[in-house]
Structure formats: structure tokens, C-alpha cells
Amino acid sequence: MIGGIGNTNFDLWAAGHRPQNFYMLGSMGLAFPIALGVALANRSAACFALEGDGSLLMQLGCLSTIATLKPKNLSMIVMDNGIYQITGAQPTPAAATSDIVAIATGCGLSNSAWAADEEDFERLVDQSLSASGPTLIGVRIDDKPGIGATRRDPVQIRERFMLGLGVRQAF
């Protein structure tokens with residue numbers, strides 16, 4: 001599970017830390033590209049990435065790359081509140097004129113949909129686990145700040161993640 005910077009990161013931490021979680025710090029828009037690398041490196045495990053709409057707008061090109069490489073074990077969730085929450089709640093272009101799910105579909109991610117409500121979100125997540133290609137789920141959320149806070153030491157975050165993936169052994 002890869003959590004983008006800001007609220008997706010904080011909410012992932014608050015949901016319950018696991019060694020396989022990776023929390024982004026100071027790198028806006030890189031949750032999906034990093035999750036792509038994890039999904040390609042470990043095709044037998046489901047890989048989820050949480051990203052905000054503002055962060056995704058920083059790296060829209062990653063959607064075409066993901067569509068081209070087609071990792072079927074990658075599920076991407078975009079939390080769309082229409083603002084750059086972490087930097088001061090400025091409105092994003094997506095708030096007024098852009099449809100992130102339509103953009104993803106246009107990039108070749110045919111398994112892309114907006115969740116209509118919580119029940120639909122759960123259905124889409126379950127469906128993503130058996131999809132034949134990568135999945136993108138858009139979720140419209142309110143503009144309230146996320147909950148929780150991660151431990152902010154990048155070296156410790158990386159080491160916990162590498163241990164959780166089994167790439168490194170504890171000494």
C-alpha cells in the first residue's frame with residue numbers, strides 16, 4: 001500500500017500501520033509511479049496506491065505508462081476533494097474543469113470508475129483484485145483535513161517498507 005503525500009498518507013497511517021505500507025514524504029505525485037514499480041517487481045501481490053487529485057495532476061503522464069505496462073495487480077485510488085489540501089486548500093483544476101476518471105480512461109485505463117458511495121467503493125475495490133489490468137477508482141471526498149500523522153523520518157520509513165516487502169532482513 002503506497003500513500004501519497006498529505007491526507008492519503010495520514011489516513012493510511014491512521015487506518016493501522018503495516019510494514020508493507022509506504023508513506024510518501026515531500027514528493028507530490030509519485031505514489032502511482034512508485035506503486036507501478038512495486039507492482040511490476042512483485043506481480044504475485046496486490047498493490048494499492050492512494051493519491052490525492054492535486055498530486056495526480058502533477059504526474060498525469062504516469063497514467064499512460066501504467067496503461068501501457070498493464071500490471072493487473074495495481075489498484076489506484078484517487079481521493080478527489082478539489083483542492084490542494086496540504087499546501088493551503090487552493091482549488092485544483094480538476095475542481096472546475098477536469099474529470100480524473102475520464103482522463104484515466106482516455107489514457108487507456110479502461111478499468112476506471114467513480115465510486116458512487118461507500119458501498120460502491122467497496123465493490124470497486126473487490127472487483128479490482130480480480131481485474132485483468134490496472135484499476136483506477138475515483139472517490140469524491142469533502143475538504144476536511146485527514147486524520148493522524150506519520151512518523152516523519154524518511155530513512156525509517158524506507159527501512160520499514162523494505163523489511164515489510166521482504167527485500168531486506170532485520171539485523
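What counts and what doesn't
- Residues numbered from 1 in each chain as written.
- Predicted model: local features only at pLDDT ≥ 70, side-chain atom pairs only at ≥ 80, totals over all residues.
- Heavy atoms only, no water.
- Helix = DSSP H or I, 4+ residues; strand = E, 2+ residues; numbered from the N terminus.
- Buried < 20%, exposed > 50% of the residue type's maximum accessible area, 1.4 Å probe, protein only.
- Contact = heavy atoms within 4.5 Å.
- Pairing = 2+ DSSP bridges.
- Axes fitted to C-alpha atoms, helices over the stretch in contact; angles between N-to-C directions.

Draft legend 1. Structural detail: the environment of Val-78. Secondary-structure assignment places Val-78 in strand 4 (residues 74–80). Taking relative accessible area as the criterion, Val-78 reaches 1% and is therefore assigned buried. Along the backbone, Val-78 and Ile-100 are 22 residues apart, and their C-alpha atoms lie at a distance of 8.4 Å. Apart from the residues within four sequence positions on either side, Val-78 is in contact with Phe-32, Glu-51, Gly-52, Asp-53, Leu-56, Ile-100, Leu-136, Ile-137, Gly-138 and Val-139.

Draft legend 2. Representation of helix 1 (residues 7–15) in the model. The set of residues buried in helix 1 consists of Asn-7, Thr-8, Asn-9, Phe-10, Leu-12 and Trp-13. Where helix 1 terminates, the next one or two residues include Gly-16, which has phi positive at roughly 125°.

Draft legend 3. Structural context of the sheet that holds strand 3 (residues 47–52). Across the sheet, which stays open at both edges, the six strands sit in the order 2-1-3-4-8-7 with parallel pairing between neighbours. Two strands in the sheet have a free side with no partner beyond their single neighbour: strand 2 (22–23) and strand 7 (111–114). Sheet analysis places strand 3 next to strand 4, joined by six bridges and oriented parallel. Bridging from a neighbouring strand, Leu-50 pairs with Ile-77 of strand 4. Strand contacts of helix 2 (residues 31–41): strand 1 (2–3), strand 2, strand 3, strand 4 and strand 8 (135–140), with the helix running at about 175° to strand 3, the strand carrying the most contacts. Here helix 7 (residues 118–128) sits on the sheet and contacts strand 3, strand 4, strand 7 and strand 8; the angle it forms with strand 8, its principal contact strand, is near 165°.

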